Amino acid sequence: MSTTTAAHHDDHGHDSHAHPTGLMRWVKSTNHKDIGTMYLWFSFAMFMFAGALAMGIRAELFQPGLQFVQPEVFNQLTTLHGLIMIFGAIMPAFVGLANWQVPLMIGAPDMAFPRLNNMSFWLLIPAAILLMASFFVPGGAASGGWTMYPPLSVQGGMSVDMTIFAIHILGVSSIVGSINIITTIFNMRAPGMTLMKMPMFVWTWLITAYLLIAAMPVLAGAVTMLITDRHFGTTFFNAAGGGDPVLFQHVFWFFGHPEVYIMILPAFGILSTIIPTFARKPLFGYASMVYATAAIAVLSFVVWAHHMFTTGMPVAGQLFFMYSTMLISVPTGVKVFNWLATMWKGSMTFETPMLFSVAVVFLFTIGGLTGLVCAILPVDIQLQDTYYVVAHFHYVLFSGAAMSIMGGVYYWLPKWTGHMYDEKLGKWHFWTTTIAFNVTFFPMHFTGLAGMPRRIPDYSQQFAEFNMISSVGAFALGISQLLFLYVVIKCIRGGTKATNQVWEGAHGLEWTVASPAPFHTFETPPQVK
Amino acid sequence: MSQDNKSYFLPGPSFWPLISSISLFLLAGGFTMMLNKVAMGKPIFIAGIISLAYLLFGWFKEVIGESVSKFYNKQVDKSFRWGMGFFIFSEVMFFFGFFGALFYARNVSVPWLADAKLLWPDFVAGWPTSGPGLTEAFTAMGPWGLPAINTLILLTSGVTLTWAHWGLMKNKRTQLKVGLALTILLGAIFLYLQMHEYAEAGFTIKTGIYGATFYMLTGFHGLHVTMGAIMLAIILFRVMKGHFNSHDHFGFEAVAWYWHFVDVVWLFLFIFVYWL
Amino acid sequence: MNKKVFSFLGTILGSALTLVASTAHAAYGLNLKAPVTEIATQIYDLHMLIVWVCLAIFVVVFAVMFYSLYKHRKSVGHKAAQFHEHHTLEIVWTIIPALILIVMAVPATKTIFAMKDTSAADMTVKVTGYQWKWEYDYLDKNVKFISNLSTTQDQIDNKAEKSENYLLEVDNPMVVPVGKKVRLILTASDVIHAWWVPEFGVKQDAIPGFIKEVWFKAEKEGTYRGQCAELCGKAHGYMPIVVEVVSEDKYNGWLIAKAEEAAAGAAGADKEWTKDDLLAKGKVVYEKNCAVCHQANGAGLPPAFPAITGSKIALGTIYGADGKYLPDSHIDRLLNGKGVMPAWKALLNDVEIASVITYTRQALGNAATVDPVVQPAQIKAAR
């Protein structure tokens, strides 16, 4: 083999000459940018679909009494809203961002395993079909909640099996995707890019990928036990045979709590990327950010039973999980303080990505503090399975994860498309989303404290006013996202030409390549000083 | 040798990802239908198996082809190592879930059930148990006898595989082939004995939590041994074709890692499922 | 400039706090329900402590952020500093939150131990969750009854005016004496439910096959309402909990009345009932217990809940040649249940089971010719 740069194109020979166009460009893709794009569009489609389910939920809850759907359909809506938002919207969106940005940020020519990368994406499609088609099988979609607790989920029909297999396939996709990301980060960094020089987004994704590889197989095991309990006569979750329904909850949340951090750590990475850019100041406390992320990841494996405070664990278990959960707020707090210190004495401007980031810091902290309230076991006894919890995890997952993704999309969109997005419309999208989000979810703290259980299609009249406000907010939130779609499409089709650096304060390898980023980047590794 | 290949190999456009997606869709859809007694289930499931076999065969053939064409440099080799290592880690976590269920049943749920005298007045905690609601008598599986022999067989297979590896390192091809063949043979004997044990067992997967944990743990382990043996057979086939040399043999090593991982899982099984 | 910002922020926060404080006890409730037990009071106080601490942290931290957002802008000409670490500061803001956590953990730990102490109870009630109703069994008092939602379907379907306690009212409330330590033994028959009364500070999952214990000691007479707090299927939102806390005298009177009620029910089993009486009684039993799954018109919700109309079980033979009821016959299914169908022998008396069997064989579009009527005595014999 030749060693010259000119000849090295021939090494990945099929690449340069037989470059398919049209549909085949996407189906057969081995290009991290194209695959990232597919991930992002897929997640947006799922975001809208699961959002539509949420509109159904809020329509029914607009007033007391049953108006639109029967209780069993309502349960299907909540179950699939949760499953699809988590596995179809949030997680793939982060993987999409990782696909686009990780190789660009570390100066790699592509992901370590480009074909597996495409496989991870294409596995999402059958899983999504299984989940969405389950609405049309006899008995309707799974209705036992996204957590699928037995024995309720053992009662369900064919759709529960479809959901379980969808989770298996999503698990394969996530594990393969994570192996790919870890390998890329460890093995494909440009010369001179030491671990402690990596951008925070890369760091958070590295740790997230570890969490995924450790947690997803456990979920696969949990749902496998569920399916054998359903069809093959095992008694893992049946007391008559010596099992325990709560065993499923332990196994599920052993996955489920790391999963929570899987959905927030990359968001932290995005914030740590955007805030320094628009503060025109380096990230404060880089090292402590890395250690805090790692600490959160490690702790995430020993806090799972705080989802199960009302199952009646022995005192020792309850105390352990309460203390470990409270402890997580220390590294999380460090992160928030670091972001504030990054802004402090900066020279800030407030383009749309920065607006989203500042809002996330503010709103995520609300979600973090209500999380601390829920961690206090006696208080959680009153809050478990109420709307307070619904408010809490939407503050973390919507205004934490989803809004970070939106901020990230605005931030990198010029690099991807070569055009600046419409700043004015972007700001409109930000303000409508933020306001509508708070109108939807802030009142839920009160309905929850006042005693409204979650996952009910109908409620006592004392909760009517707040539910009506939440529903109005939810519809506004839903409609706002159409604006997002419009801004993105408009940006793809044209707009002011973006410079290579795009943002005045941007640093890092991704800003050294052209905008739009060429199909192949860093085929000769850059030298990082 | 591919050391001189400076740039990282990036494969061109590929159909395999789409085929993997289609075959898993057929498998999942078909199996769901079979479980729910829908007539079309079986043919769809079989189509899924065929397409999965085609996928594995075709994709690995392509990768092996690239490998022998020296497209891969040291860095790619390292990627494969990271990848395989983390794949095995994910498998460890899968078994961890099932072992967790076993420990939970033995140390938490069974004692709790025995304490719930109001519901299960006659139930006494102990292991093995089929739980308070299923009262049919059964005979548990003891550790000495077949399981102990199987332990020896698997441990020996680990030794023969390492011996084969030494052969490869020292370029003694005969030792390599004999070692591999012996390992596969031992794996096959293990599987045969395991099936025999299942056939003779005095309980089924429906025998409460004991039957459930026993068959799920040993069953998934057996499945992994089967896959490992098939992979070893492919490696043997490649050795016959003259693939691998003392410094370029990651395919061999990956399968060896996998085999040792399966060995270690068995040791845990022997201790916690059969013995204690 | 500084002053202006702070006074502005101060005004906003001040008015927000006043708003929250003044409406905290308004009709809809913005806070936890007023506690009536020692534990619920501790929880309430603990919650307030944490909320105030969190709010204080929040205000301080974000006052800093908004100050920075205001002052350190490029548009006001602020030049970026280039510092990026400060070890003392970083250690301080790691240690201070940890100390605050310890302050919160101490009272929480005390409350947990108190919550778990079910010893020295004055009375014990076994509570069983069913899809979708609660059963209360006063263990040493021989009183046992089912508590169903009493809100009508018409109210739910917006065809009738909603009552004051819409969805929070039951036919048979649990009754306990004031000031007595009541130990609850919780379990479930089918799926996981959760028994929750906010005013008592008690929420505990009821897990099929397991027993979980909780306790409460209500200090104030009154009616307290809660709901099932664990998704348990389609009527999860329709299985409220109502507890009436009454004086000791009233409670004893209630116990006697309940015992008489049960005796009257059992007596009915020995007499011969007319078909019309059975049908009339059966309709009531059906609508209360069966209609939630099999629907009021008997059409069911296949495949989860089969139709009664035209059902093989409802029209088929009940007894075998040996005079015993057949497996999978109508009586077998009612008494012993199968899958999602509960075993009703624990829940209904002989009259209720016989009448609902007769009703489902002769109404809802059915007209069984074999075993057209089932008498309570037959059920008594079959048990």
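Quick caveat, the model's predicted, so the values are computed rather than measured.

Scoring rules and cut-offs
- Residues numbered from 1 in each chain as written.
- Chains lettered and ligands numbered in written order.
- Predicted model: local features only at pLDDT ≥ 70, side-chain atom pairs only at ≥ 80, totals over all residues.
- Heavy atoms only, no water.
- Helix = DSSP H or I, 4+ residues; strand = E, 2+ residues; numbered from the N terminus.
- Rg over C-alpha atoms; globule rule 2.2 N^0.38 Å.
- Buried < 20%, exposed > 50% of the residue type's maximum accessible area, 1.4 Å probe, protein only.
- Areas by Shrake-Rupley, 256 points an atom, 1.4 Å probe, with all protein chains shown as cover.
- Contact = heavy atoms within 4.5 Å.
- Buried area = accessible area lost by both parts, 1.4 Å probe.
- Salt bridge = Lys/Arg side-chain N within 4 Å of Asp/Glu carboxyl O.
- Polar contact = N/O pair within 3.5 Å; in protein donor to acceptor, adjacent residues only side chain to side chain.
- Nonpolar A, V, L, I, M, F, W, Y, C, P; charged D, E, K, R; others polar.
- Core = buried A, V, L, I, M, F, W, Y, C linked by side-chain atoms within 4.5 Å.
- Domains from an automatic or database assignment.
- pLDDT = per-residue confidence, 0-100.
- Pairing = 2+ DSSP bridges.
- Axes fitted to C-alpha atoms, helices over the stretch in contact; angles between N-to-C directions.
- Expected span 1.5 Å × (residues − 1).
- Bend = angle between axes of the 7 residues up to and from the residue.

## A word on the overall build of chain A
Thinking step 1. Each helix and strand in chain A was counted, giving 18 helices and zero strands.
Thinking step 2. A compact globule built from 529 residues should have a C-alpha radius of gyration of about 24 Å, and chain A, at 23 Å, falls within 12% of that.
Thinking step 3. Each principal axis of the C-alpha atoms in chain A carries an extent, and together these give about 70 × 55 × 45 Å.
Thinking step 4. When the 529 residues of chain A are sorted by exposure, 74% land in the buried category.
Thinking step 5. As presented, chain A carries roughly 14,200 Å² of accessible surface, and 72% of it is formed by carbon and sulfur atoms.

## Comments concerning the interface of chain B and chain A
Thinking step 1. Taken residue by residue, the interface counts 66 residues in chain B and 70 residues in chain A.
Thinking step 2. Taking both partners together, chain B and chain A bury about 6,000 Å²; carbon and sulfur atoms supply 74% of that area.
Thinking step 3. The interface formed by chain B and chain A contains two salt bridges.
Thinking step 4. Where chain B packs against chain A, one counts 17 residue pairs in polar contact (both at pLDDT 80 or more).
Thinking step 5. Counting only elements with at least two residues in the side of chain B that touches chain A, the list comes to α1 (16-35), α2 (41-68), α3 (74-115) and α6 (208-240) of chain B.
Thinking step 6. Per-element accounting of the side of chain B that touches chain A gives the leading share, 21 residues, to α3(B).
Thinking step 7. Here the residues of the side of chain B that touches chain A are counted per class, giving 41 nonpolar, 19 polar and six charged.

## Considerations on the nonpolar core
Thinking step 1. By size, the foremost hydrophobic cluster in this structure holds 319 residues, and its most contacted members are F87(A), V361(A), L180(B) and F252(B).
Thinking step 2. Two domains each donate at least three residues to this core, and these are domain 1 (2-72 + 84-115) and domain 2 (123-258) of chain C.
Thinking step 3. Discounting residues that sit within four places of it in the chain, F252(B) has contacts with L161(B), A164(B), H165(B), L168(B), L176(B), L180(B), I235(B) and F244(B).
Thinking step 4. Residues V176(C), F216(C), C232(C) and I241(C) belong to the second largest nonpolar core, which totals 47 residues.

## Overview of the pattern of salt bridges
Thinking step 1. Taken as a whole and assessed by the stated rule, the structure comprises 18 salt bridges over all chains.
Thinking step 2. A salt bridge links E287(C) to K283(C), with the nearest nitrogen and oxygen atoms 2.8 Å apart. Within this pair, E287(C) and its partner K283(C) are both found in helix α6 (residues 275-289), separated by four residues, close to a single helical turn.
Thinking step 3. Of the residues examined, K283(C) reaches a relative accessible area of 38% and is grouped as partly exposed.
Thinking step 4. What you see here is one network of salt bridges that share partners, running through R115(A), E62(B) and E66(B).

## Observations regarding the confidence of the model for chain B
Interpretation of this model should avoid reading the predicted coordinates in detail wherever pLDDT is low.
Thinking step 1. Taken over all residues, the pLDDT of chain B has a mean of 92, while the share at 70 or more is 98%.
Thinking step 2. As scored by the predictor, the complex reaches a pTM of 0.91 and an ipTM of 0.94.

## Considerations on the environment of I328(A)
Residues and elements named next belong to chain A.
Thinking step 1. Examined against the element boundaries, I328 turns out to sit in helix α13 (residues 315-343).
Thinking step 2. Taking the C-alpha atoms as reference points, I328 and L372, separated by 44 residues in sequence, lie 9.0 Å from one another.
Thinking step 3. With residues near it in sequence (within four places) discarded, I328 still touches Y261, I296, L299, S300 and V303.

## Concerning the sheet that holds strand β10 (residues 240-246) of chain C
Residues and elements named next belong to chain C.
Thinking step 1. Ordered in space as β4-β10-β9, the three strands form an open sheet in which the pairing is mixed. Every interior strand has two partners, whereas the edge strands, β4 (174-177) and β9 (222-227), have only one. On average, adjacent strands in this sheet sit at an angle of 25 degrees to one another, irrespective of strand direction.
Thinking step 2. Of the pairings in the sheet, the one linking β4 to β10 comprises four bridges and is parallel in character. In the sheet register, P177 faces β10, and the bridge partner there is V246.
Thinking step 3. Relative to the sheet, helix α5 (residues 248-267) contacts β4 and β10, its axis offset from that of β4 by approximately 140 degrees.

## Focus on helix α3 (residues 87-116) of chain C
Thinking step 1. An ideal rise of 1.5 Å per residue puts 44 Å on 30 residues; α3(C) measures up with 43 Å between its terminal C-alpha atoms.
Thinking step 2. At A105(C), α3(C) is deflected by roughly 25 degrees, the largest bend along its length, and proline P107(C) occurs up to four residues later in sequence.
Thinking step 3. Looking only at α3(C), the buried set comprises E90(C), W93(C), P97(C), L101(C), M104(C), A105(C), A108(C), T109(C), T111(C), I112(C) and M115(C).
Thinking step 4. Summarising the contacts, the buried residues of α3(C) are in contact with α12 (286-299), α13, α14 (352-375) and α15 (377-383) of chain A together with α2 (38-71) and β8 (212-216) of chain C.

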